[in-house]
Amino acid sequence: QVQLVESGGGWVQPGGSLRLSCAASGSFFSAYTMAWYRQAPEKQRELVASITKGGSPSYADSVKGRFTISRDNAKNTMYLQMNSLKPEDTAVYYCKPTASWARNSWGQGTQVTVSS
């Protein structure tokens, strides 16, 4: 059973930074590509960044150069370092494997609010 717990969200002023964490339970974590997604109010959920089991990252154009995804397979944990935050980054952030078998394995998410 897949359990995912996101944490680290909060309120930050534009230009600020936050570090999100995703703690995963289950033996799947180290075997799959993991990803961060976000959903802003009245918008569709979108892929923010992904990282292969070997640690190769990929980013949406909107966050490239500002966000850094990483993972620690020994700790079953994934991170998202978010710098130079903008109001348009405001959303609920979720983590999940990208594999099709995990399509419905959403956690509760963590709220990120960027405003002055």
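Student: Give me the packing of aromatic side chains: which residues, what numbers.
Tutor: According to the stated counting rule, one finds four aromatic pairs in the structure shown. Here the aromatic rings of Tyr 32 and Trp 101 are separated by 5.0 Å at their centres, their planes lie at 70°, and the arrangement is edge-to-face. Remark: Trp 101 occurs in the loop between β9 (91-97) and β10 (110-114) and Tyr 32 occurs in the loop between β3 (18-25) and β4 (34-39); sequence separation between them is 69 residues. Through a chain of ring-to-ring contacts, three or more aromatic side chains come together here, namely Phe 28, Tyr 32 and Trp 101. The cationic tip of Arg 45 hangs over the ring face of Tyr 94; the distance from NZ or CZ to the ring centre is 4.2 Å.

Student: Please provide a residue-by-residue account of unusual backbone geometry, values included.
Tutor: Positioned with a positive phi, Asn 76 is a non-glycine residue whose angle comes to about 50°. Relative to the helices and strands, Asn 76 is located in the loop between β7 (67-72) and β8 (77-82). Of the residues examined, Asn 76 reaches a relative accessible area of 21% and is grouped as partly exposed. At Ser 84, a position not held by glycine, the phi torsion is positive, near 50°. We classify Ser 84 as partly exposed; its relative accessible area is 41%.

Student: I'd love a proper account of the nonpolar core, names of residues and values included.
Tutor: Counting 26 residues, the largest nonpolar core has Trp 36, Met 78, Leu 80, Met 82 and Tyr 93 as its most contacted members. Broken down by element, the residue count for this core peaks at four residues, all from β3. Not counting residues within four places of it along the chain, the set of residues in contact with Met 82 comprises Gly 16, Ser 17, Leu 18, Leu 20, Arg 66, Phe 67, Tyr 93 and Val 112.

Student: If you had to explain the state of the cysteines to someone new, which residues and values would you point to?
Tutor: The full count for this structure, using the stated rule, is one disulfide. Two residues, Cys 22 and Cys 95, share a disulfide whose sulfurs are 2.0 Å apart. Disulfide Cys 22 to Cys 95: torsion about the S-S bond roughly 70°, handedness right-handed. You can see Cys 22 sitting in strand β3 and its partner Cys 95 sitting in strand β9, a full 73 residues away along the chain. Accessibility classification places Cys 22 together with Cys 95 in one group, the buried group.

Student: So what's going on with the pattern of salt bridges? Which residues, and what values?
Tutor: This model, assessed by the stated rule, comprises four salt bridges. A salt bridge links Asp 61 to Lys 64, with the shortest nitrogen-to-oxygen separation between them at 3.1 Å. The exposure classification of Asp 61 matches that of Lys 64, with both residues exposed.

Each value, and the rule that gives it
Residues numbered from 1 in each chain as written. Predicted model: local features only at pLDDT ≥ 70, side-chain atom pairs only at ≥ 80, totals over all residues. Heavy atoms only, no water. Phe/Tyr/Trp six-rings, centres within 6.5 Å; stacked < 30°, edge-to-face > 60°. Helix = DSSP H or I, 4+ residues; strand = E, 2+ residues; numbered from the N terminus. Lys NZ or Arg CZ within 6 Å of the ring centre and 35° of its normal. Buried < 20%, exposed > 50% of the residue type's maximum accessible area, 1.4 Å probe, protein only. Core = buried A, V, L, I, M, F, W, Y, C linked by side-chain atoms within 4.5 Å. Contact = heavy atoms within 4.5 Å. Disulfide = S-S within 2.5 Å. Salt bridge = Lys/Arg side-chain N within 4 Å of Asp/Glu carboxyl O.

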